[in-house]
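Listed below, chain by chain, are the residues.
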Amino acid sequence: MELLSHLINLLCWYLRPLVKWFLRQTTRLCELQRICYGESSGAPRTIGVENSLIMSRVPEIQKLLKSMDTKVNKNLSLEEVKSFLDSSCSQIMKIKQIKPDLHRQFVQSMTVCLRQIWGYKQLVLNIEKLRAEAFDDGNLQHEMQLLELWTLLQPDRPLLTRVTKQWQDIGFQGEDPKTDFRGMGILGLQNLVYFAREFGSAAKHILSHSHHPRFGYSFAIVGINLTHMAYKLLKESALKSHMFNVNDGRPNLDNFHHFYSYLFIEFDKFWLECEPRDIMEFNRIRDLFENNIRSQLEDTRTFFKVNIEVDTV
């Protein structure tokens, strides 16, 4: 089966230039024009444009993509980013012999696509930095975020001391939560704080679910697991369909936090629907849930909307 798939991909690779040439002769439009004019805005168009650029055999196009990867690692100002993207659009039009005066809609569509492509690359870098930043109990900002999480989830219960078994009430494993953030770093904490702050009622309701005598789970630990899931989907580019459909500009950190909140709310529902025998079923149910999300993301029209209606159990 793998050999057959490889042969098909190889055949497509060799036939692609012929097919592109035939379509250009019959439509008088290059592949990028056909995508920009034929695909709906958002992920269908932007993913199509990005794939076309990546698969291009034109050296100038490949050089442009490498330049984008280099520049996205630099701390460019908004003006510098706009200048680079405008220049990139002009270069593409020159390479593809597209006249801007005759194809103004193409200029607008291509600029939006390049902006989204740039934004996703930048978001991946920003998320990676947060994930790599370890929780530091000597960092006042980190400590303030941790205390904010407690206050948001337990507004009527003051934290008696910084190191205490009280943390287990919101799903941490021990008396000091810092050890639980080792895998996802400060990103895991920021996800939890965003969810508890922006969707406070739902977060507290789900926290009560985590205390269920039969179907309970560790709220914070599950939250950090969901951070890892969202991080993987982002890094593997699976999240592009959602990100490009919810933001017609550059995908940003708030978009990522919002998607995480969606995952948490939907996972809680899925967990309860599965009626697990015990917490040992967590890995199986998590994998099923992740596969469901991945299947939906394969459709470039997908975007997830938070449903804050949380059932009582």
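In this report, the structure presented in the accompanying data block is examined.

Parameters and conventions
Residues numbered from 1 in each chain as written. Predicted model: local features only at pLDDT ≥ 70, side-chain atom pairs only at ≥ 80, totals over all residues. Heavy atoms only, no water. Helix = DSSP H or I, 4+ residues; strand = E, 2+ residues; numbered from the N terminus. Buried < 20%, exposed > 50% of the residue type's maximum accessible area, 1.4 Å probe, protein only. Contact = heavy atoms within 4.5 Å.

As for its position among the elements, Ser88 is in helix H5 (residues 78-95). With a relative accessible area of 0%, Ser88 lands in the buried category. Sequence separation of Ser88 and Thr111 is 23 residues, and the distance between their C-alpha atoms is 8.7 Å. When near neighbours in sequence (up to four residues on either side) are disregarded, Ser88 contacts Leu64 and Leu114.

With that settled, the discussion passes to the environment of Gln145. Take Gln145: it is sitting in helix H7 (residues 140-153). For the pair Gln145 and Gln190, spaced 45 residues apart in the sequence, the C-alpha separation amounts to 7.6 Å. Those residues in contact with Gln145, other than ones at most four positions away along the chain, are Leu189, Gln190 and Val193.

Moving on, we get to the side chain of His242. Structurally, the position occupied by His242 is in helix H11 (residues 240-246). Take His242: its relative accessible area is 3%, and that puts it in the buried class. With residues near it in sequence (within four places) discarded, His242 still touches Phe259, Leu297, Thr302, Phe303 and Phe304.

Here we come to unusual backbone geometry. For Gln97, which is not a glycine, the phi torsion comes out positive at approximately 55°. Along the polypeptide, Gln97 turns up in the loop between H5 and helix H6 (104-132). Its relative accessible area of 68% is what places Gln97 among the exposed residues.

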